[in-house]
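Below, each chain spelled out in residue letters.
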Amino acid sequence: MHSVFGNHGKKIVVSSIAVSLLLLMSACSSSSTQSTAGLDPEADLTKQSLVISNWAAYNPPDLAASFQKALGAKMTITNHATNEEIMAKLTSGADSGIDVAFVSGQYAQALAAQGLLEPIDAALIPNLRNLYPEASNLSYDVGNKFSVPYTWGTTGICYRKDLTGFDPTSWNDLLNPAANVKGKTTMLATERWLMLPAQKLLGISANSTSASDMEKVKAQLIATKKTLLAYDDTTFYTRLVSGEASMVEAWDGWCNYGITDNKNIKFVIPKEGSDLWVDTMVILKTSKNKEAAHAFINYILDPTVNSWVISNVLYKTPDKAAMDLTAPKLGITYPNMLMTPAELLKGEGLTDLGASGPMYTKTATEVTSSK
Amino acid sequence: MTLSVRRRVSRDSGKRRDLLERIVLQGPGLLFITIFMAIPITLVAIYSIFQRGRFGGVVYKFTIENFSRAFDSVYLGILLDSLKIAGITTVLAIIVGYPTAYAIAKLPIKWRSIALVLVVIPFWTNFLIRTYSWIMLFNREGLLNHALLKFNIIHTPLDLLYTQSAVVVGLLYGYLPLMILPLYASIERLDPQLGEAAANLGATKVRAFFSLTLPLTASGLIAGSIFVFIPSLGNFIVPELLGGGKTVMVGNLIRDQFLKARDWPFGSVLALSVIALVFIFFMIQNVVEKRFSSDNNE
């Protein structure tokens, strides 16, 4: 859910004074606390260099330069297109050369389970205090032992009231649409989100691995297919803008891209509930620049740095300091930016399906190829 | 006779030079194909007999389960659908492409090259962009519907996209030039005197076409059919965009195994089965073409 971004929003100019101040603060606090993992809080960061892997356009374009200016460590940013791609790199056995990777929560969980992650040394990341308290209670990594959350969000219905004539409140409005919206709805095709609306409507967990649950989900989705305009993971919000569709299943941030172009577009989380997705930062055990890696995560949690992703990608972040700085103003145009952590956490966290992965894939194929 | 004698003489005198020539001429191509085709296909074949890694990749434990899964009715259904869609596309391409190629071949020479350039012009633009532009043109709020509504020709917008027919039309649009070009090449080579002879001997135009023109241009027809059928069979952009993701073709299925489902071994099996199918079609082409060319020699 990270490939298309609007060009709205102001660029955040990182003031070097603010950064040096923060640096000073972080230096003080980290030297006062004893590091647990044998990391040296006084390490000379100018002698370290980082390789970061992130989704394209998911961090400030000048991040490497501003980070080096602020902390002295060199940084190279590589991109991955999907979680699967970076996972293949990180689990291949050889040293990937990557120090810090951006992955979704359930993947961070799996990497930690395989012993591939360096435990997060909280003493080296004083900006962790900027996080909402709820952000350390996420199911894939309670207490942020191996990962630090970067952004979070949920999935709901994005719609144009001027076309639907009503405000949808339930997944049923999407799955069994009224006559006037029939043929004017789209659903996400990526399997976890293809299943989600039917799972929630039927009261089934979004992480269910039960075959009988899956049969019920499949029956609903095959019935729904006949009412759909299309399955669409990438351009659903433009279909709302053009009026081709009047109601679509959407990630909250992406609905915002539609709102940018048409103020009639609204976002709602259906009453049956939804998911909670989190993108995180993790440090690899193989990293030889662990102090710089911690300093990088600390830098990202700086509200002036973290504001970039909020203003430009229109995603919410667990960084309270950054949200307080940015969200109130954005919330005038994009009400879902004002969603509280408590509301978000009502969503069910997606966890890895393990051996049940192929069952989801096969069901998705059966649904999308049904006649 | 004289030709074969000459050939033998040159063979005897220049065997070594021949070999050198062959290496120089064929070497780069063969090397390229070996590196970029044979090795990847071998890898795919190897992946197909191992187990899926949890996060993509393969776990090197032997299994034949991937092959038995491929026979599930869902996947067979998708394969049959794909064959049907690619087949219909090819037949339509012949129906539309043959008269076009024929007409171009009969144009005065200077117009011929202009017409051929016009046929090829769509290839100057990326396939994805061309396909996406169809959505702009033909969706419910697209240019065509707006124009028709404005001129009161229709009163409710037409739903032209996101059906299997839209997929066929999109594929036809994308690959029609690949039918026209080889057909043009073979029609252009036809000796016009043959047609005159047939007419003098009393053959009707229809008769002359079926017993003369068609067999003589069969090689172009078969080449064009292969060029249209194979990329249509493996296409996954058109079903996704113009089919609205509601038509699944074998190309989509394979793409999803690698990029979404993290099931490389199963994706490999599906890819291998398409390769096998395509291979069978090439064999058929070979046999048919041989029959036609031996017919011509008689």
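Source: prediction; values computed, not measured.

Observations regarding the overall build of chain B
Right, so step 1: A tally of regular secondary structure across chain B gives 14 helices and two strands.
Right, so step 2: The C-alpha atoms of chain B give 24 Å as radius of gyration, which overshoots the globular expectation for 298 residues (19 Å, by more than 25%).
Right, so step 3: C-alpha atoms of chain B, sized along the principal axes, occupy 65 × 65 × 35 Å.
Right, so step 4: Contacts in chain B between residues at least 24 apart in sequence constitute 71% of all its contacts with a sequence separation of at least 6.

Comments concerning the overall build of chain A
Right, so step 1: Of the regular secondary structure elements, chain A holds 15 helices and 11 strands.
Right, so step 2: Viewed in the frame of its principal axes, chain A has a C-alpha envelope of about 65 × 45 × 30 Å.
Right, so step 3: Looking at chain A as a whole, 53% of its 371 residues are labelled buried.
Right, so step 4: In chain A, the share of contacts with a sequence separation of at least 24, taken over all contacts with a separation of at least 6, comes to 76%.

Some remarks on the domain arrangement of chain A
Residue and element names in this part refer to chain A.
Right, so step 1: For chain A, the domain assignment lists domain 1 (16-153 + 277-339) and domain 2 (155-273 + 349-368).
Right, so step 2: Between the C-alpha centres of domain 1 and domain 2 there is a distance of 31 Å.
Right, so step 3: The partner domain 2 presents 12 residues to the 15 residues of domain 1 that form the contact.
Right, so step 4: For the side of domain 1 that touches domain 2, the leading source of residues is helix 4 (residues 105-113), giving four residues.

Details of the interface of chain B and chain A
Right, so step 1: Counting residues at the interface gives 21 residues for chain B and 27 residues for chain A.
Right, so step 2: Going through the elements one at a time, helix 4 (73-105) and helix 13 (250-259) of chain B are the ones with two or more residues in the side of chain B that touches chain A.
Right, so step 3: It is helix 4 of chain B that provides the largest number of residues to the side of chain B that touches chain A, a total of three residues.
Right, so step 4: Class assignment of the residues belonging to the side of chain B that touches chain A gives a composition of eight nonpolar, six polar and seven charged.

Section: the confidence of the model for chain A
Residues and elements named next belong to chain A.
Right, so step 1: Averaged over chain A, the pLDDT score is 89; the fraction of residues at 70 or greater is 90%.
Right, so step 2: Model confidence for chain A, summarised as mean pLDDT per element, is weakest for helix 1 (residues 16-32) at 42 and strongest for helix 6 (residues 171-175) at 98.
Right, so step 3: Ignoring residues within four places in sequence, the model shows residues 1-36, a span with pLDDT below 50, making 49 contacts including any to other chains.

Description of the nonpolar core
Right, so step 1: Core analysis: the largest hydrophobic core is formed by 149 residues, its most contacted members being Val100(A), Ala101(A), Cys158(A), Leu194(A), Val282(A), Phe296(A) and Ile297(A).
Right, so step 2: Take this core: its biggest share by element is 13 residues, from helix 8 (residues 164-188) of chain B.
Right, so step 3: Formed jointly, this core draws a minimum of three residues from each of two domains, domain 1 (16-153 + 277-339) and domain 2 (155-273 + 349-368) of chain A.
Right, so step 4: The residues contacting Val100(A), other than those within four sequence positions of it, are Leu50(A), Ile52(A), Met281(A), Val282(A), Ile283(A), Ala293(A), Phe296(A) and Ile297(A).

Some thoughts on the environment of Tyr159(A)
Residue and element names in this part refer to chain A.
Right, so step 1: Take Tyr159: it is sitting in strand 5 (residues 155-160).
Right, so step 2: Separated by 106 residues in the primary sequence, Tyr159 and Ser53 place their C-alpha atoms 34 Å from one another.
Right, so step 3: Contacts of Tyr159, omitting those with residues within four sequence positions, involve Thr164, Pro168, Ser246, Met247 and Lys266.

Considering helix 12 (residues 303-313) of chain A
All names here are of chain A.
Right, so step 1: Helix 12 sits mainly inside the fold: nine of its 11 residues count as buried.
Right, so step 2: Each element contacted by the buried residues of helix 12 is listed here: strand 4 (148-153), helix 10 (252-261), helix 11 (290-300) and helix 13 (320-333).
Right, so step 3: Directly beyond the C-terminal end of helix 12, a positive phi value near 60° is found at Leu314.

Quick notes on the pairing of strand 5 of chain A
All names here are of chain A.
Right, so step 1: Counting buried positions along strand 5 yields six of six residues, so the element is predominantly enclosed.
Right, so step 2: Bridge analysis of strand 5 against strand 8 (residues 247-251) gives five bridges, and the strand direction is antiparallel. By the bridge assignment, Tyr159 is partnered in strand 8 with Met247.
Right, so step 3: Strand direction decides the pairing type here: strand 5 and strand 9 (residues 265-268), joined by four bridges, are antiparallel. Bridging across to strand 9, Arg160 finds its partner in Ile265.

Let's talk about the pairing of strand 4 of chain A
All names here are of chain A.
Right, so step 1: With six of six residues buried, strand 4 is to be regarded as a mostly interior element.
Right, so step 2: Pairing geometry for strand 4 and strand 10 (residues 275-283), over five bridges, is antiparallel. Within strand 10, the position partnered with Gly153 by the bridge is Trp277.

Quick word on the environment of Ala276(B)
Residues and elements named next belong to chain B.
Right, so step 1: With respect to the element layout, Ala276 can be found in helix 14 (residues 264-297).
Right, so step 2: Overall, Ala276 belongs to the exposed group, with 10 C-beta atoms counted inside 10 Å.
Right, so step 3: Along the chain, Ala276 and Ala70 lie 206 residues apart, while their C-alpha atoms are 14 Å from each other.

Some details on unusual backbone geometry
Right, so step 1: Look at Ala57(A): it is not a glycine, yet its phi comes out positive at around 60°.
Right, so step 2: Of note in this structure, Asn152(B) is not a glycine but carries a positive phi near 60°.
Right, so step 3: Tracing the sequence through the fold places Asn152(B) in the loop between helix 7 (143-150) and helix 8.
Right, so step 4: Look at Asn152(B) and you get exposed, because 7 C-beta atoms sit within 10 Å.

Let's talk about the sheet that holds strand 9 of chain A
All names here are of chain A.
Right, so step 1: A sheet is described by the order of its strands in space; here five strands give the open sequence 7-6-8-5-9, paired in mixed fashion. The sheet is open, and its two edges are formed by strand 7 (228-231) and strand 9, each paired on a single side. Averaged over all adjacent pairs, the angle separating strand axes in this sheet is 30°, with direction ignored.
Right, so step 2: Sheet topology note: the strand 6 (residues 185-187)/strand 8 ladder contains two bridges and is parallel. Across the sheet, residue Thr185 finds its bridge partner in strand 8, namely Met247.

Notes on the confidence of the model for chain B
The predicted coordinates should not be examined in detail at positions where pLDDT is low.
Residue and element names in this part refer to chain B.
Right, so step 1: Of all residues in chain B, 93% attain a pLDDT of 70 or more, and the chain-wide mean is 89.
Right, so step 2: Confidence, expressed as mean pLDDT per element, reaches its minimum in chain B at helix 1 (residues 2-13) with 51 and its maximum at helix 4 with 96.
Right, so step 3: Within the model, pLDDT remains below 50 along residues 1-5, and this stretch shows zero contacts once partners closer than five positions in the same chain are excluded.
Right, so step 4: Reported confidences for the modelled complex are a pTM of 0.84 and an ipTM of 0.84.

A short note on the environment of Val44(B)
All names here are of chain B.
Right, so step 1: Tracing the sequence through the fold places Val44 in helix 2 (residues 15-47).
Right, so step 2: Using a count of 18 C-beta atoms within 10 Å as the deciding quantity, one classes Val44 as partly exposed.
Right, so step 3: Each C-alpha atom, one on Val44 and one on Phe266, is 10.0 Å from the other, the two residues being 222 residues apart in sequence.
Right, so step 4: Apart from residues no more than four positions distant in its own chain, Val44 is found in contact with Ser268, Ala271 and Leu272.

About the thresholds
- For every chain, the first residue of the written sequence is number 1, and numbering continues from 1 along that sequence.
- Chain letters and ligand numbers both follow the written order, the letters beginning at A and the numbers at 1.
- The model is predicted, so local features are restricted to residues of pLDDT at least 70 and side-chain atom pairs to those at 80 or more, both for listing and for counting; the totals for chains, interfaces and linings are taken over all residues.
- In DSSP terms, a helix is any run of H or I states spanning at least four residues, a strand is any run of E spanning at least two, and both are numbered starting from the N terminus.
- The reference for a compact globule is 2.2 Å times residues^0.38; the radius of gyration itself is calculated from the C-alpha atoms.
- Throughout, a pair of residues is in contact if the C-beta atoms placed from their backbones lie within 7 Å.
- Exposure classes come from backbone-placed C-beta atoms, where a residue is buried if 20 or more other C-beta atoms lie within 10 Å of its own, exposed if 12 or fewer do, and partly exposed in between.
- For the purposes of this description, domain bounds are those given by an automatic or database domain assignment.
- Note that Gly is not counted as nonpolar here; it falls among the polar residues with everything else outside the nonpolar set of Ala, Val, Leu, Ile, Met, Phe, Trp, Tyr, Cys and Pro and the charged set of Asp, Glu, Lys and Arg.
- For every residue, the predictor states its confidence as a pLDDT score lying anywhere from 0 to 100.
- The nonpolar core is taken to be a set of buried Ala, Val, Leu, Ile, Met, Phe, Trp, Tyr and Cys residues joined by way of C-beta atoms within 7 Å.
- Strand pairing requires that DSSP identify at least two bridges connecting the strands.
- Every axis corresponds to a line fitted to the C-alpha atoms, with the helix fit spanning only the stretch in contact, and the corresponding angles, defined between N-to-C directions, vary from 0 to 180 degrees.

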